[in-house]
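# Summary of the model geometry
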Amino acid sequence: IRAKNYWQVPEQIMEKTRIAYGINTERFSSPLNCCINMKTYITPFVEDMVFGALYDANRYIPRGSTIANPQYDPPEQIYKAINQTQKAARNNTYPVFELMVIPRYRNKRFTDLLEESTQDMQTSIIASIPEGHFTFISPQQRNSQEPSPMSYAPFPTAIIQISNTE
């Protein structure tokens, strides 16, 4: 795990999103940052199963309403997560709806990956948040004993929706 890229969406945002969209599963989470009211969380790490996590977020075929916040480095990890959900939405008759919180890095390789991903008819960017405006809990804050203010992402952030339902 690259802890510097393991940003957590604040609980208040996760809870409101969970209720508004009927989300019951969180992908790419861990016992350290899962939403406490989420029915299921799926981790990329087998060791997390001892804490009640399902394994393997990298191979899980999304079903129903899910939210994902994959690790941001390397950028291919995000592309794989998007592609996996797109395949599930395209190839299955059961409902697939996933919101994914991802960075919008300013390097060409990442921009190309995101642009390619959103060409799929099941995928759309529903929110694009400028650098310094989306609140995360950084790994440093999560590990600190001192209360600290929220961190703002030092990169633009996107929330994308991948769905085979209307």
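Here we summarise the structure given alongside this text.

### Details of helix 1 (residues 11-21)
Looking at helix 1, one finds that the buried residues are Met14, Glu15 and Thr17. Projected onto a plane normal to the axis of helix 1, the buried residues spread over an arc of 165 degrees and lie on a single side. For helix 1, the exposed residues lying more than 90 degrees away from the buried face are Gln12, Lys16, Ile19 and Ala20. Buried residues along helix 1 sit against strand 1 (25-27), strand 4 (64-68) and strand 5 (96-103). One or two residues past the end of helix 1 sits glycine 22, with phi positive at roughly 65 degrees.

### Section: the pattern of salt bridges
Going through the model one piece at a time under the given rule, you end up with 3 salt bridges. Two residues, glutamate 15 and arginine 18, come together in a salt bridge whose shortest N-O distance is 2.6 Å. Taken together, the positions of glutamate 15 and arginine 18, both in helix 1 and 3 residues apart, correspond to about one turn of that helix. On the basis of relative accessibility, which here comes to 18%, the residue glutamate 15 falls in the buried class. Where arginine 27 meets glutamate 98, a salt bridge forms, and the shortest distance between an N and an O atom there is 2.8 Å. A residue pair is termed long-range when its members are at least 10 positions apart, and arginine 27 in strand 1 and glutamate 98 in strand 5 qualify at 71 residues. Exposure remark for arginine 27: the relative accessible area of 0% places this residue in the buried category.

### Things to note about unusual backbone geometry
You will see that phenylalanine 28, though not glycine, has its phi angle at about 65 degrees, which is positive. Of note, phenylalanine 28 is situated in the loop between strand 1 and strand 2 (40-43).

### Side note on the sheet that holds strand 1
Ordered by their spatial adjacency, 7 strands build an open sheet running 3-2-1-4-5-9-6, and the pairing between neighbours is mixed. If you trace the sheet from one side to the other, it starts and ends with strand 3 (54-55) and strand 6 (123-129), each paired once. Two strands pair when backbone bridges link them, and strand 2 and strand 3 are joined in this way by 2 bridges, in the parallel orientation. If you follow isoleucine 42 over to strand 3, its bridge partner there is leucine 54. Contacts from helix 2 (residues 75-91) reach strand 1, strand 5, strand 6 and strand 9 (157-163) within the one sheet, and its direction differs from that of strand 5 by about 165 degrees.

### With respect to the pairing of strand 9
Both faces of the sheet carry side chains from a regular strand, because those side chains alternate between them. Burial within strand 9 is extensive, with 6 of its 7 residues counted as buried. The sheet contact formed by strand 5 and strand 9 spans 7 bridges and is antiparallel. Note on strand 9: the bridge partner recorded for isoleucine 102 is alanine 158. Note: strand 6 against strand 9, 6 bridges, orientation antiparallel. Note on strand 9: the bridge partner recorded for isoleucine 125 is isoleucine 160.

### Re the pairing of strand 5
Counted residue by residue, strand 5 has 8 buried out of 8 residues, so it is predominantly covered. What you see with strand 5 is no split at all: Val96, Glu98, Met100 and Ile102 on one side and Phe97, Leu99, Val101 and Pro103 on the other are buried throughout. Relative to strand 5, strand 4 runs parallel, the two being bridged by 5 bridges. Within the sheet, the bridge partner assigned to isoleucine 67 lies in strand 5 and is leucine 99. For the crossover that starts at strand 4, traverses helix 2 and ends in the parallel strand 5, the hand is right-handed.

Rules used in this analysis
The written sequence of each chain sets the order in which its residues are numbered from 1. Given that the model is predicted, a residue must reach a pLDDT of at least 70 before its local features are reported, and side-chain atom pairs must reach 80 or more before they are shown or counted; all residues, however, enter totals for whole chains, interfaces and linings. Only hydrogens and water are removed before side-chain values are computed, so all heavy atoms of the structure are retained for them. Throughout, exposure labels follow a simple rule: accessible area from a 1.4 Å probe, protein chains only, divided by the maximum for the residue type, with under 20% read as buried, over 50% as exposed, and the rest as partly exposed. What counts as a helix is a DSSP run of H or I of at least four residues, what counts as a strand is a run of E of at least two, and both are numbered from the N terminus. Each C-beta atom gives one direction from the helix axis, and the arc is the one those directions make. For this analysis, residues touch if any pair of their heavy atoms sits within 4.5 Å. Any carboxyl oxygen of Asp or Glu that lies within 4 Å of a side-chain nitrogen of Lys or Arg is treated as forming a salt bridge with it. Note on pairing: DSSP must find at least two bridges between two strands before they are called paired. Orientation is described by lines fitted to C-alpha atoms, with helices fitted over the stretch in contact, and by angles between N-to-C directions that extend from 0 to 180 degrees. For crossovers, right-handed means that the path from the first strand over the helix to the second runs clockwise, given strands pointing away from the viewer.

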